[in-house]
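One-letter residues, chain by chain:
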Amino acid sequence: MQIVHDLKNQLNGLKLYATFLRRRIEKNERPEDEQETVGKLINGLDRAAEDLSLIVRYGQPVELKKQPGFEVDKVLSSVCSSVDDTTSKIVLKSDSEAVQGSFDHFKLTDALKWLCMGALKHRQTDNDGAGEIAVTTKLNDGGATIEWTGLRQLDRDPFRSFAGSDEVKLALAAKIIEAHGGSAKFMDQKFVVELPLN
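It should be emphasised that the depicted structure is a prediction, and the values quoted were computed from it without experimental measurement.

Asker: How would you sum up the overall build of the chain? Please name residues and give values.
Answerer: Counting its regular elements, the chain contains 5 helices and 7 strands. Each helix (α) and strand (β) of the chain, taken in turn from the N terminus, gives the series α-α-β-α-β-β-α-β-β-α-β-β. Among the 198 residues that make up the chain, the fraction classed as buried is 37%. Long-range contacts, defined here as pairs at least 24 residues apart, represent 75% of the contacts in the chain between residues at least 6 apart. By element, 48% of the accessible surface of the chain is carried by carbon and sulfur atoms, the whole surface being about 11,500 Å².

Put into structure tokens, the structure is as follows:
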């Protein structure tokens, strides 16, 4: 934990210097590509700091503050619309009955968002790079199943590989879902999440 804290301090120091450099470049009306390069440097430092925070979060136990009345479909709808991009979209399909349960609102919302982002990252695409993900929720005995379909075949388990930021988020999403008594897995080119509702 202390090592990660020290690394984040170093990254923040580098970001501060890069921000000063960007201001000087902007004042001196330097070429646009120099400004772009410094902007990319700052964005990279931000991503590295975020990744370190995620790794620390993954290493800690998940402490839940459950509250009743968490509407899975409503949260999924909001999350899906927030992560759509210009080349693809997520279509939400659900049972007519509302899927509600007692969950930690903030943690489960994060987990569902990371699952949607991960699904977009691993989606099947056509020749134009476009693709569609379908998210389906179904009620079953004592719980709900959520499936993200339209993914390409992967040679690894994205919930256990830690291959970059996106898969660290998927691993953390799985850990949050497991803390709620559910499961998250990749099978048959889809993410499958089981959540208990009672």
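Asker: Pulling in residues and values, what's your account of the packing of aromatic side chains?
Answerer: Per the stated rule, a full pass over the model turns up 3 aromatic pairs. A centroid spacing of 6.1 Å and a plane angle of 70° characterise the contact between Phe-186 and Phe-191, whose relative ring orientation is edge-to-face. Phe-191 shares its class with Phe-186; the two are buried. A connected cluster of aromatic rings, assembled from ring pairs, spans Phe-159, Phe-186 and Phe-191. When the ring centre of Tyr-58 is taken as origin, the NZ or CZ atom of Lys-175, which lies over that ring, is 4.8 Å away.

Asker: Describe the nonpolar core, listing the residues and the values that go with them.
Answerer: Leu-112, Leu-115, Ile-146, Trp-148 and Phe-191 are the most contacted members of the largest nonpolar core, which totals 39 residues. Sorting the residues of this core by element identifies α3 (72-83), α4 (105-121), β4 (131-140), β5 (143-149), α5 (165-179), β6 (183-187) and β7 (190-196) as the ones contributing at least two each. A total of 8 residues in this core trace back to one element, the largest contributor, which is α4.

Asker: Tell me what's going on with the confidence of the model for the chain, and back it up with residues and numbers.
Answerer: When pLDDT is averaged across the chain, the result is 83; 89% of the residues are at 70 or more. Put simply, helix α1 (residues 2-27) is where the chain has its lowest mean pLDDT, 72, and β7 is where it has its highest, 95.

Asker: A description of the pattern of salt bridges should follow, citing residues and the corresponding values.
Answerer: Applying the stated criterion to the full structure yields 8 salt bridges. For Lys-121, the salt bridge identified is with Asp-166, shortest N-O distance 3.5 Å. Within this pair, whereas Lys-121 is found in helix α4, its partner Asp-166 is found in helix α5, the two being separated by 45 residues in sequence. For Lys-121, a relative accessible area of 47% gives the class partly exposed. Residue Asp-166 is classed as partly exposed on the basis of its relative accessible area, which comes to 26%. In this structure, Glu-147 engages Lys-190 in a salt bridge whose closest nitrogen and oxygen atoms are separated by 3.6 Å. Remark: Lys-190 occurs in strand β7 and Glu-147 occurs in strand β5; sequence separation between them is 43 residues. Through salt bridges with shared partners, one network takes in Lys-138, Glu-147 and Lys-190.

Asker: Provide a residue-level description of a nonpolar patch on the surface, including the pertinent values.
Answerer: Taken together, the side chains of Leu-16, Tyr-17 and Phe-20 define a hydrophobic patch exposed on the protein surface, amounting to about 350 Å² of accessible area. Since its relative accessible area comes to 46%, Leu-16 is described here as partly exposed.

Asker: I'd love a proper account of α5, names of residues and values included.
Answerer: With 15 residues, α5 should reach 21 Å at 1.5 Å per residue; the first-to-last C-alpha distance of 21 Å fits that figure. Residue Gly-181 follows α5 closely and has a positive phi angle near 90°.

Asker: Please give an account of α3 that cites residues and values.
Answerer: When the terminal C-alpha atoms of α3 are compared, their 16 Å separation across 12 residues agrees well with the 16 Å that a helix rising 1.5 Å per residue should span. Inspection of α3 places Val-72, Asp-73, Val-75, Leu-76, Val-79, Cys-80 and Val-83 among the buried residues, and these make up the whole buried set. The arc that holds every buried residue of α3, seen down its axis, measures 160°, which confines them to one face. Exposed side chains of α3 directed beyond 90 degrees from the buried face belong to Lys-74 and Ser-81.

Quick notes on the rules
- Residues numbered from 1 in each chain as written.
- Predicted model: local features only at pLDDT ≥ 70, side-chain atom pairs only at ≥ 80, totals over all residues.
- Heavy atoms only, no water.
- Helix = DSSP H or I, 4+ residues; strand = E, 2+ residues; numbered from the N terminus.
- Buried < 20%, exposed > 50% of the residue type's maximum accessible area, 1.4 Å probe, protein only.
- Contact = heavy atoms within 4.5 Å.
- Areas by Shrake-Rupley, 256 points an atom, 1.4 Å probe, with all protein chains shown as cover.
- Phe/Tyr/Trp six-rings, centres within 6.5 Å; stacked < 30°, edge-to-face > 60°.
- Lys NZ or Arg CZ within 6 Å of the ring centre and 35° of its normal.
- Core = buried A, V, L, I, M, F, W, Y, C linked by side-chain atoms within 4.5 Å.
- pLDDT = per-residue confidence, 0-100.
- Salt bridge = Lys/Arg side-chain N within 4 Å of Asp/Glu carboxyl O.
- Patch = residues over 30% accessible without salt bridge, like charges linked within 9 Å, V, L, I, M, F, W, Y side chains within 5 Å.
- Expected span 1.5 Å × (residues − 1).
- Arc of directions from axis to C-beta.

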